[in-house]
Amino acid sequence: MHKNDGVSFTSSPLKIPLSQTPAFQLTGTRHLAFQLIDSLRNRFNNVKHHSTQFNVSAQSELGVRSSTRRSPLLCFASVSLAAEKQSIGRSPLLYSAFLSLTQPDSTESTQDGHLATAGPFGEERVLVGEVLVRNKDGEELERKDLEMEALNALKACGANSALTAWEVQEDVDRIIDSGYFSSCMPVAVDSRDGIRLVFQVEPNQELRGLVCEGANVLPSKFLENAFRDGHGKVVNLKRLGQVISSINGWYMDRGIFGLVSGVDIFSGGIVRLKVAESEVNDISVRFLDRKTGEPTKGKTKPATILSQLTTKKGQVYSRLQGKRDVDAISAMSLMDVSILPQSAGDAGKVDLIMNVVERPSGRFSAGAGISSGITSDLLSGLFGSFAYSERNLFGKNQKLNVSLERGQIDSTFRINYTDPWIEGNDKQTSRTITVQRAGAHDEKKNPLIKDFYGSPLTASGKLYDDMLLAKVECVYPGSGNKGSSMFIINMEQGLPVIPDWLYFNRVNARVSKSVKLGPARLLLRLSGGHVVGNFPPHEAFAIGGTNSVRGYKEGAVGSGQSYVVGSSEVSLKMLGPVEGVIFADYGHDLWSGPNVPGNPAAARNKRGSGYGYGIGFRLNSPLGLLRLEYAFNDRFAKRLHFAFGNPK
């Protein structure tokens, strides 16, 4: 009898690398098995040609005795095959299969009455009288529950069944796939009652300890809970795969670049998990041209952008944290930004490239109207405002604002400079210092200290009010899949650095929420404020006008120490950059009008509350947003509003 040259028996520690799918591995297992079948068939066909009658009684290396007569030979071989398995939804398992093959060369009955028949695709079948599960030494398993797990996994192999090598291999796969065994070797033993098919299995070890390497952000409590039920029990590789999937899911749910990269089971029942968490190696800024998308030179200093990030070098990268960083940068209103992670040269590290497309940083806004309620001169009733702002002065997100406001009897000119106080989180906080001199004059430019109704125009009683204003503003952006929100709060403090200068505190807050409704978008806005101290009348809150309650003239609803204004808009895209909008506004002075020096609202018969509604058009132009709105108010008056920029 020829020896099984090239066939060896091997064993190794259980190692579960995560690199290939089970389907590929099992296909390879069967491919090798059937190559061996063909090899053995050719070998023993050569023996058959040299002997027409042959009696063999041989003891194989496995201790399996085979006795046949004539040409059909019952021969045995074993192949040690290992397979790796990786799946997000299923468990990573080690497939180790030992295959014993039978090779009759005809469909005639053997001397012992063992029937050999032809199976599908011409594959020979062998009649099996009994099927058993034993350990690798051929003895009964100590644990009957594991024996039942193996028997329950069998589908094709049973007592008094004619089997092919393919069907035996399928049941070997099923036993391994149950997760309780590290190896399975089918062995055919010739007995009085026929061929006995024995599945010699090697159960996995009991879990006695856990070692996790490379997990810096994964909570140890999570691992303890995941493995608590399995301690002291036989390691089930399928259950182990589910635990690995849950660990990978923990990273995925938090947007963290991490996963289980390898699993080892050592003697003594120690499971070692290798976790790969991608650390940030470097962060760079790349400016792109808005039109071409090609790299270009940016105006903003890279340090200004990087200072907004909470993600730092050496940290494990999180997509959610990256999104918060993008929101914080977007709150600067200077650029559109996205983060592109790329693999770094060092294993387990990632480089972050910030693609930045800058927006125009300089803009102006203006609004105007004509009122004929005080004088007969039409031009003397002209009121309005003009403002120019540079939002990215010197490329450092510093802001310069120049504004002129002209009323019917007063005017204010302001210059202020803002240096953002960047804290490196998801809010934008800025500090502003403003020196302002405010006063009133008549149409002949003569200074006034009282208006037409006898109300004071200055808080100091002098021709002008001097003040030094310190302003702090915080912007809290929010975002979501269905809309976006924004909360802005600012506080102005008048500082009496000189005894005659004004001392007061003014707080103002605005919140907005945008929600997409199919092709339309709903925008809700709410603002309110309060002022205390020695404040001038022009620092009171004016309610009504283009950026307040539309349908009213500027400040025509009321002038209060406190106020609240709510607004709702529904916009719909029409043609190109043109949008149509319907809106409704409501404002109230919270009964604080009499607290303003001179009570100017009562002198002008302002009710302190009112609402307006109407329709309008918006146009996104190179100069900014152009607004044309036609509104009605609750006093049955109509008014046309034209302005630049979004309503405040």
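Residues numbered from 1 in each chain as written. Predicted model: local features only at pLDDT ≥ 70, side-chain atom pairs only at ≥ 80, totals over all residues. Heavy atoms only, no water.

So, the overall build of the protein chain: which residues are in play, and what are the values?
A count of helices and strands for the protein chain gives eight helices and 33 strands. Within the protein chain, the proportion of its 648 residues that are buried is 43%. Total accessible area on the protein chain is roughly 33500 Å²; 55% of this is exposed by carbon and sulfur atoms. (Helix = DSSP H or I, 4+ residues; strand = E, 2+ residues; numbered from the N terminus. Buried < 20%, exposed > 50% of the residue type's maximum accessible area, 1.4 Å probe, protein only. Areas by Shrake-Rupley, 256 points an atom, 1.4 Å probe, with all protein chains shown as cover.)

Outline the environment of Ile-615, listing residues and values.
By the secondary structure assignment, Ile-615 is in strand β31 (residues 609-621). Along the sequence, Ile-615 and Val-581 sit 34 residues apart, while their C-alpha atoms lie 5.6 Å from each other. Among all residues touching Ile-615, those that are not within four sequence positions of it are Val-581, Ile-582, Phe-583, Leu-628, Glu-629 and Tyr-630. (Contact = heavy atoms within 4.5 Å.)

Tell me about helix α2 (residues 144-153), and name the residues and values.
Each full turn of the α-helix corresponds to 3.6 residues, which orients residues three or four apart in the same direction. For α2, the full list of buried residues reads Leu-146, Glu-147, Ala-150 and Ala-153. Summarising the axial view, the buried residues of α2 lie within an arc of 125°, below the 170-degree limit, and thus occupy one face. On the buried face of α2, the contacting elements are β7 (124-135), α3 (165-177), β9 (181-191) and β10 (194-203). (Arc of directions from axis to C-beta.)

Residues and numbers for the sheet that holds strand β14 (residues 279-287), please.
With mixed pairing, the three strands of this open sheet are ordered in space as β14-β16-β15. Each edge of the sheet is formed by a strand with only one pairing partner; in this case those strands are β14 and β15 (335-343). Neighbour-to-neighbour, the strand axes of the sheet open up by a mean angle of 20°, direction not taken into account. Here β15 runs beside strand β16 (residues 349-358); their pairing, made up of nine bridges, is antiparallel. Its bridge partner being in β16, Ile-339 is matched across the sheet by Met-354. Docked against the sheet, helix α7 (residues 319-330) engages β15 and β16, running at close to 155° with respect to β15. (Pairing = 2+ DSSP bridges. Axes fitted to C-alpha atoms, helices over the stretch in contact; angles between N-to-C directions.)

Break down the side chain of Asn-204 for me, with residues and values.
Inspection of the secondary structure puts Asn-204 in the loop between β10 and β11 (209-213). In this structure Asn-204 comes out as buried when scored by relative accessible area, which is 8%. A distance of 2.9 Å separates the side chain of Asn-204 from the backbone oxygen of Gly-179, its partner in a polar contact. At 2.8 Å, the side chain of Asn-204 and the backbone oxygen of Val-235 are in polar contact. (Polar contact = N/O pair within 3.5 Å; in protein donor to acceptor, adjacent residues only side chain to side chain.)

Tell me about the pattern of salt bridges, and please be specific about residues and values.
Tallied over the entire structure, the rule returns 30 salt bridges. Linking Glu-206 and Arg-208 is a salt bridge whose minimum nitrogen-to-oxygen distance equals 2.3 Å. Note on Glu-206: relative accessible area 28%, which makes it partly exposed. Overall, Arg-208 belongs to the partly exposed group, its relative accessible area being 47%. Residues joined in a network through salt bridges with shared partners are Arg-525, Arg-550, Glu-569, Asp-585, Arg-618, Arg-627 and Glu-629. (Salt bridge = Lys/Arg side-chain N within 4 Å of Asp/Glu carboxyl O.)

Please provide a residue-by-residue account of the pairing of strand β26 (residues 520-533), values included.
For strand β25 (residues 504-517) and β26, the ladder comprises 14 bridges, and the chain directions are antiparallel. When the bridges of β26 are listed, Arg-510 appears paired with Ser-527. Taken together, β25 and the strand that follows it, β26, pair antiparallel across an intervening segment of two residues, in which Gly-518 is found at a positive phi of about 65°. Pairing geometry for β26 and strand β29 (residues 562-573), over 11 bridges, is antiparallel. Paired with Ala-520 across the strands is Leu-572, a residue of β29.

Residues and numbers for the packing of aromatic side chains, please.
For any pair of aromatic rings, geometry is given as the distance between the ring centres together with the angle between the planes. Under the counting rule described, the total for this entry stands at nine aromatic pairs. Ring geometry for Trp-250 against Tyr-251: centres 5.2 Å apart, planes inclined by 90°, an arrangement best described as edge-to-face. Relative to Phe-632, the ring of Tyr-613 has its centre 5.8 Å away and its plane inclined at 25°; by these criteria the two rings are stacked. Of the two residues, Tyr-613 sits in strand β31 while Phe-632 sits in strand β32 (residues 624-633), which places them 19 residues apart along the sequence. (Phe/Tyr/Trp six-rings, centres within 6.5 Å; stacked < 30°, edge-to-face > 60°.)

Give me the lowdown on the environment of Thr-432, citing residues and values where you can.
Mapped onto the elements, Thr-432 comes out in strand β21 (residues 428-441). Along the primary structure Thr-432 and Glu-492 are separated by 60 residues, whereas in three dimensions their C-alpha atoms are 9.0 Å apart. With residues up to four places along the chain from it excluded, the contact list for Thr-432 reads Asn-416, Tyr-417, Thr-418, Leu-469, Ala-470 and Lys-471.

Outline the packing of helix α4 (residues 220-227) against helix α5 (residues 237-253), listing residues and values.
The packing of two helices is summarised by the inter-axis angle and the distance between the axes. Interaxial distance between α4 and α5 falls to 10 Å at its minimum, and their mutual angle equals 155°. On the basis of the axis angle, α4 is roughly antiparallel to α5. Note that α4 runs across α5; the crossing there is right-handed. Contact residues: α4 offers Phe-222, Leu-223, Ala-226 and Phe-227, while α5 offers Arg-239, Leu-240, Val-243, Ser-246, Ile-247 and Trp-250. When the residues that make up the contact of α4 with α5 are grouped by side-chain class, the tally is eight nonpolar, one polar and one charged. (Parallel < 35°, antiparallel > 145°, perpendicular 65-115°, else oblique. Left-handed = near helix turned anticlockwise from the far one by under 90°. Nonpolar A, V, L, I, M, F, W, Y, C, P; charged D, E, K, R; others polar.)

Report on the nonpolar core, specifying residues and quantitative values.
With 21 residues, the main nonpolar core has Phe-227, Leu-240, Ile-247, Tyr-251, Val-263, Val-271 and Leu-273 as its most contacted residues. Listing elements by their share of this core, those giving two or more residues are α4, α5, β12 (258-266) and β13 (270-277). Leave out the neighbours within four places in its chain, and Ile-247 touches Leu-218, Phe-222, Leu-223, Val-260 and Leu-273. If you look at the next biggest cluster of nonpolar residues, it comprises 20 residues, including Leu-141, Ala-153, Val-168 and Phe-181. (Core = buried A, V, L, I, M, F, W, Y, C linked by side-chain atoms within 4.5 Å.)

Break down unusual backbone geometry for me, citing the residues and quoting the values.
Positive phi is not limited to glycine here, since Asn-160 has a value of about 60°. Accessibility expressed as a relative area gives 65% for Asn-160, which makes it exposed. Look at Phe-394: it is not a glycine, yet its phi comes out positive at around 65°.

All we've got here are geometric facts, nothing functional implied.
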